[in-house]
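Chain by chain, the residues:
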Amino acid sequence: MSTDTKTQPGGVTDAADLDEPASDEFENLYEMAVAQFERAAEMTNTRPSLRAILSEPKNEIIVNFPVRLDDGETIMCTGYRIQHNNILGCYKGGLRFSPHVSLEEVKALSAWMTWKCSLADLPFGGAKGGINIDPTKLSDGELERVTRRFTHALGNNIGPDYDIPAPDMGTNAQTMVWMMDTYMNTIAYAHKNVARHVVTGKSVSAGGSVGRDEATGRGTVYNIASWAVENGLDLAHCTFSVQGYGNVGSFAARILQDEYGATLVAVQDHTGGLGNGKGIDAEDLAAYVEKTGGVKGFGAAEEITDEEFWKTKVDIVIPAALEWQVTEDNAAWLDCRLVAEAANGPTTPGAEKILTENGIEIIPDILCNSGGVIVSFFEWTQNRRGETWYLDEVRHKLKRRSADAYDRTTRAMNKYEVGRRDGAMIVALRRVVKAYDERGIFP
Ligand code: NAD
């Protein structure tokens, strides 16, 4: 079932499009992640030996395993767990189920986790996992067997104090509960219940944290709110568009609408695009997507094309789907003040240049979408301590950490006279470099 797809170009795509690179800039996503790191390394005079260490993941685990389908057939799946760096703590990062998963994509996502955890001041390193499957084409039973077989194949390469997966695109709380249960069943009876934190993003009944489901969307909104304060804007008078109406996009839209009074005017997912200048109710749309699996057919808005979606005039564009969605091909279409990167890697460097020239600001992914891993840290801490926190406590702590990371980024931007992505990368890199400076290289 594996593909060697290089990139996913902007917008609603079909399978054929996915074989075409989105830009001439990079062969694959990992090259882009390394280029972003190299810029920050250059600006901070990071020494060559550390650049070499941080340019490659520490471990690249690839497992091939068979899974029985409902009709009795057996398929082979390829699963990845890439452990980029653990100088700051346990490897930490999501698990993605998508037909476009490739080694290079998961490597890039794992590196971004290292920078994201560092920037948010968490005691975690970076990792990412992925399986090359289309979860929309598998039954619940098949997804459960894929998840359990993958977890078993990983064995001791994950662990509650070693490497801790979480949900990402195509996976959810149920996936995490299957992983937890499989892991628990492979260890000694006496240790089962102290191993719950082998994954985060679990359902609350299985030991998850309240507020983890909404955390990435909420963290995105807290970052947007910090930006609005900085720019003297009242979000109640702002409009926004969202690409991707899954976990992250739908929570971001609902919170921005319900708690800050902003208006959703365009949305796009893998099924199509919708626009309504008077506003699309984010709650009604979430309920519709929950039922139907996509935005297409939602009555209270007009269907719009990919081009119309990106050209919609709004204050804030929130890409919350795939990487490489804003490219040199469509960056000039964007008519907004801010791109808030709820997705990982949605903007290519070439597109970023165009956006900057057009006066459009960016809140970069490692800052913008860190709410998920921040609340994953809260879940991990609660499991380790045998505690359960209240929702207002979780939200308050998330808000504080998000604001801290935003402030540290702003200070680095001012000190180094750079944009927000470089500022965020510099903060993240400096913390990792300090850890290496103190610990040295073994032996
Ligand atoms: P999800 O599976 O819940 O939703 C994905 C959304 O993307 C869906 O609405 C889908 O329709 C849309 N999509 C897929 N292909 C598309 C295409 N070609 N064009 C337009 N839309 C398309 O995933 P999610 O958890 O919401 O993750 C979304 C993004 O946020 C990913 O980049 C992920 O890495 C990032 N992220 C997620 C978390 C988390 O906690 N879930 C944390 C940090 C970052």
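Residues numbered from 1 in each chain as written. Predicted model: local features only at pLDDT ≥ 70, side-chain atom pairs only at ≥ 80, totals over all residues. Heavy atoms only, no water.

1. Description of the site of the ligand
Phase 1: Lining the immediate environment of the ligand, one finds 26 residues, of which Asp168, Thr216, Tyr245, His270 and Ala321 sit closest.
Phase 2: Between tyrosine 245 and the ligand, the recorded distance is 2.8 Å, taken from a backbone N or O atom to an oxygen atom.
Phase 3: Within the contact set of the ligand, an oxygen atom lies 3.1 Å away from a backbone nitrogen or oxygen of glycine 246.
Phase 4: Burial of the ligand by the protein chains amounts to 88% of its free accessible area of 830 Å².
Phase 5: Residues belonging to the shell around the ligand are distributed by class as follows: 10 nonpolar, 12 polar and four charged.
Phase 6: Taken together, domain 1 (29–197) and domain 2 (215–363) each give at least three residues to the shell around the ligand, which thus spans both. (Near = heavy atom within 4 Å. Polar contact = N/O pair within 3.5 Å; in protein donor to acceptor, adjacent residues only side chain to side chain. Areas by Shrake-Rupley, 256 points an atom, 1.4 Å probe, with all protein chains shown as cover. Nonpolar A, V, L, I, M, F, W, Y, C, P; charged D, E, K, R; others polar. Domains from an automatic or database assignment.)

2. Some remarks on the packing of aromatic side chains
We describe a pair of aromatic rings using the distance from one ring centre to the other and the angle between the two ring planes.
Phase 1: Inspection of every chain in the model, using the stated rule, returns 10 aromatic pairs.
Phase 2: On the numbers, 5.9 Å between centres and 35° between planes, the contact of phenylalanine 65 with phenylalanine 150 is tilted. Residue phenylalanine 65 is located in strand β1 (residues 59–68), and its partner phenylalanine 150 is located in helix α4 (residues 140–154); the two are separated by 85 residues in the primary sequence. Both residues of the pair, phenylalanine 65 and phenylalanine 150, belong to the buried class.
Phase 3: Both rings, one in phenylalanine 124 and one in tryptophan 380, keep their centres 4.9 Å apart while their planes meet at 70°; by these two values the pair is edge-to-face. Placement of phenylalanine 124 in the loop between α3 (103–119) and β4 (126–131) and of tryptophan 380 in helix α12 (residues 371–385) is noted, with a sequence separation of 256 residues between them.
Phase 4: Residue class for tryptophan 380 comes out buried when judged on its relative accessible area of 7%.
Phase 5: Ring-pair connections join several aromatic residues into one group, and the members of that group are Phe124, Phe377, Phe378, Trp380 and Trp389.
Phase 6: The ring of tryptophan 380 carries the charged tip of arginine 384 above its face, separated from the ring centre by 4.2 Å.
Phase 7: Positioned over the ring face of tryptophan 389 is lysine 397, at 4.7 Å from the centre of the ring. (Phe/Tyr/Trp six-rings, centres within 6.5 Å; stacked < 30°, edge-to-face > 60°. Helix = DSSP H or I, 4+ residues; strand = E, 2+ residues; numbered from the N terminus. Buried < 20%, exposed > 50% of the residue type's maximum accessible area, 1.4 Å probe, protein only. Lys NZ or Arg CZ within 6 Å of the ring centre and 35° of its normal.)

3. Brief notes about the side chain of arginine 420
Phase 1: For arginine 420, the position within the fold is in helix α14 (residues 420–439).
Phase 2: When its relative accessible area of 5% is taken as the criterion, arginine 420 is described as buried.
Phase 3: Polar contacts involving the side chain of arginine 420 include one to the side chain of glutamate 230, which spans 2.8 Å.
Phase 4: Within the structure, arginine 420 has its side chain in polar contact with the side chain of tyrosine 406 (distance 2.9 Å).
Phase 5: In this structure arginine 420 touches Trp227, Glu230, Glu361, Ile362, Ile363, Pro364, Leu367, Tyr406, Thr409 and Met413, once residues within four positions along its chain are discounted. (Contact = heavy atoms within 4.5 Å.)

4. Side note on α12
Phase 1: Between its first and last C-alpha atoms α12 spans 21 Å; for 15 residues at 1.5 Å apiece the expected length is 21 Å, and the two agree.
Phase 2: Counting buried residues in α12 gives 13 out of 15 residues, a clear majority hidden from the surface.
Phase 3: Taken from the residues just after α12, glycine 386 is the one with a positive phi, measuring 70°. (Expected span 1.5 Å × (residues − 1).)

5. A short note on the sheet that holds β4
In a beta sheet, neighbouring strands pair by backbone hydrogen bonds and run either parallel or antiparallel.
Phase 1: Ordered in space as β1-β2-β4-β3-β5, the five strands form an open sheet in which the pairing is mixed. In this open sheet, the two strands that pair with only one neighbour each are β1 and β5 (163–167). Geometrically, the sheet is characterised by an average inter-axis angle of 20° between neighbouring strands, direction not taken into account.
Phase 2: Summarising the sheet, strand β3 (residues 91–97) and β5 pair through five bridges and their orientation is parallel. By the bridge assignment, lysine 92 is partnered in β5 with isoleucine 164.
Phase 3: On the sheet, helix α5 (residues 173–184) packs against β3 and β5 and is oriented at approximately 150° with respect to β5. (Pairing = 2+ DSSP bridges. Axes fitted to C-alpha atoms, helices over the stretch in contact; angles between N-to-C directions.)

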